[in-house]
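Architecture at a glance
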Amino acid sequence: MAEYDVVIIGAGSVGVPTALATAKDGLKTLVIDFLPSVAQADNKHAIGGIRATHSHKGKIWLCQRSIEIFSSWEEKYGDDIWWSQGGYTFLAYTKEHENLLKDTVNLQKSYGLNIDFVDPEKIMELIPGINNNSLLGGTYSPEDGNASPLLSLHSFFRQSRDYGADYQFNEEVIDIVTKNNYNIVSVKTDKATYKTRFVINAAGAHAKEVGNMVDLYISVEPESHEAGITEPVKNFFTPMIVDIRPCSDSRCGDSKNYYFYQNKEGKIIFCLTPSPNIVGTDRRETSSFLPQISKRMIQLLPRLRNIKVRRTWRGLYPMSPDCNPIVGKVREIEGYINAVGMCGQGFMLGPGLGELLSRLLREKTNSKDKEILETLSYDRDFGIEEELK
Ligand SMILES: Cc1cc2nc3c(=O)[nH]c(=O)nc-3n(C[C@H](O)[C@H](O)[C@H](O)COP(=O)(O)OP(=O)(O)OC[C@H]3O[C@@H](n4cnc5c(N)ncnc54)[C@H](O)[C@@H]3O)c2cc1C
């Protein structure tokens, strides 16, 4: 029977950068996925936004490290992953949102984030042509950015294999075997059994099923979100634009926030949070999404009105109750580690999180890691929701 230090379930946004970190740090690593190749579940549905702009300190710190990894990737490993450091801006069109964003900026600064609340003039400079009717300003965090999820994951994958990680595709994990209902012994798939000391649950929308294999209740529910991409046009703005206003009228239907940016090829990539949330695993596109978001985007940035949409798609956010990931060891099972509940942020969290998990396995966590793990623990109080989810 093949033997590994760590078996990672899931070759997605979290599993692949984690394998990169563990293999690089000398752990014998196996990644198993039931899909035929890397990044074929929800990684490829992500639009590529990467921000450290959260209100949760653990996520700020993890994503700050992720940004260091994404931004230095090409220089270090030679692969262009379409990293672009265009920043993020959350817009304020109401006094309530201005106050919320200003309060959050103070908190974010206290955790070391480079961010400011800027006036409408600065927003108009960043986003030429933006509708400034009632615009009160917004946040601007210049170090955030975007990259291609597929290019990134494929490059992380190749690099992790160079460091010695093994991958098994088209293979489904069906059980995790324990001794005395406590110690991890092996991982069973529909094709083989692999001996291991550690198992990382990085199964995204299927995290709950994997938790069930060790009788652990994982409170992660998938939710459907839709996105789209336009034809390319000359680049005219750099930040990811986040409009946090909810909408509920006959003009644009019911929806919460939406966000979009212009990628390296000049294409606008956009995504909307539906209202109410669509719980479940339905990945079929709807005909309501495009009319909803396009009306909102054109109202915000009228110069988008003649641009053609090329394609839309729908994927899943693996949602936790408080919109923060569930990460780390659990008291109930020795050797089992959660890396689940990434919500709408698994791509941006992956690289920073992978390194932390590798330190956790090697008992090399530092004081910041310990603080992060405490805030993301399986046992935490799930009552406080992330403000900038
Ligand atoms: C429309 C949309 C836009 C988004 N935009 C962004 C964005 O801009 N930035 C961002 O950071 N995030 C974004 N996200 C969220 C992001 O896609 C997810 O948070 C992320 O992909 C989750 O990562 P994961 O590794 O947990 O899951 P996945 O990437 O889905 O990987 C999980 C893997 O586990 C495998 N698996 C599950 N169970 C088993 C099993 N029993 N045996 C074997 N394999 C198994 C699956 O096949 C899958 O490949 C977006 C999501 C959507 C839908």
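Thresholds, definitions, all that
- Residues numbered from 1 in each chain as written.
- Predicted model: local features only at pLDDT ≥ 70, side-chain atom pairs only at ≥ 80, totals over all residues.
- Heavy atoms only, no water.
- Core = buried A, V, L, I, M, F, W, Y, C linked by side-chain atoms within 4.5 Å.
- Buried < 20%, exposed > 50% of the residue type's maximum accessible area, 1.4 Å probe, protein only.
- Contact = heavy atoms within 4.5 Å.
- Near = heavy atom within 4 Å.
- Polar contact = N/O pair within 3.5 Å; in protein donor to acceptor, adjacent residues only side chain to side chain.
- Areas by Shrake-Rupley, 256 points an atom, 1.4 Å probe, with all protein chains shown as cover.
- Helix = DSSP H or I, 4+ residues; strand = E, 2+ residues; numbered from the N terminus.
- Pairing = 2+ DSSP bridges.
- Expected span 1.5 Å × (residues − 1).

1. Focus on the nonpolar core
Counting residues in each nonpolar core, the largest one holds 72 residues, and the members touching the most others are Ile47, Tyr167 and Ile200. Excluding anything up to four places from it in sequence, Ile200 contacts Val6, Val7, Ile8, Ile9, Thr18, Ile337, Ala339, Leu357 and Leu361. By size, the runner-up hydrophobic cluster in this structure holds 25 residues, among which are Val7, Tyr194, Ala207 and Ile333.

2. A word on the site of the ligand
Taken together, 40 residues surround the ligand, and among them Ser13, Asp33, Gly49, Cys343 and Met348 come closest. Residue Cys343 places a main-chain N or O atom 2.7 Å away from an oxygen atom belonging to the ligand. Gln345 places a polar main-chain atom, nitrogen or oxygen, 3.4 Å from an oxygen atom of the ligand. Summarising the interface, the protein chains cover 98% of the accessible area of the ligand, which totals 1,000 Å² for the free molecule. Residue assignment for the shell around the ligand shows that the elements contributing at least two residues are strand 12 (221-232), strand 18 (309-319) and helix 8 (346-361). Ranked by residues supplied to the shell around the ligand, first place goes to strand 18 with four residues.

3. With respect to the pairing of strand 10 (residues 183-189)
Pairing analysis gives six bridges linking strand 9 (residues 173-179) to strand 10, with the strands arranged antiparallel. The residue bridging Lys179 from the neighbouring strand is Asn183, located in strand 10. Hairpin geometry of strand 9 and strand 10 is characterised by an intervening segment of three residues between the two adjacent antiparallel strands and by a positive phi of about 55° at Asn180.

4. Concerning helix 5 (residues 149-162)
The α-helix advances 3.6 residues per turn, and as a result positions three or four apart in sequence lie on the same side. Here helix 5 spans 20 Å end to end across 14 residues, near enough to the 20 Å set by a 1.5 Å rise per residue. For helix 5, the complete set of buried residues consists of Pro149, Ser152, Leu153, Ser155, Phe156, Phe157, Gln159 and Ser160. Buried positions along helix 5 lie against helix 1 (15-24), helix 2 (57-77), strand 8 (166-168) and helix 8. Note on helix 5: the residue one or two positions beyond its end, Gly164, has a positive phi of about 110°.

Treat this as a map of the structure, not an account of what it does.
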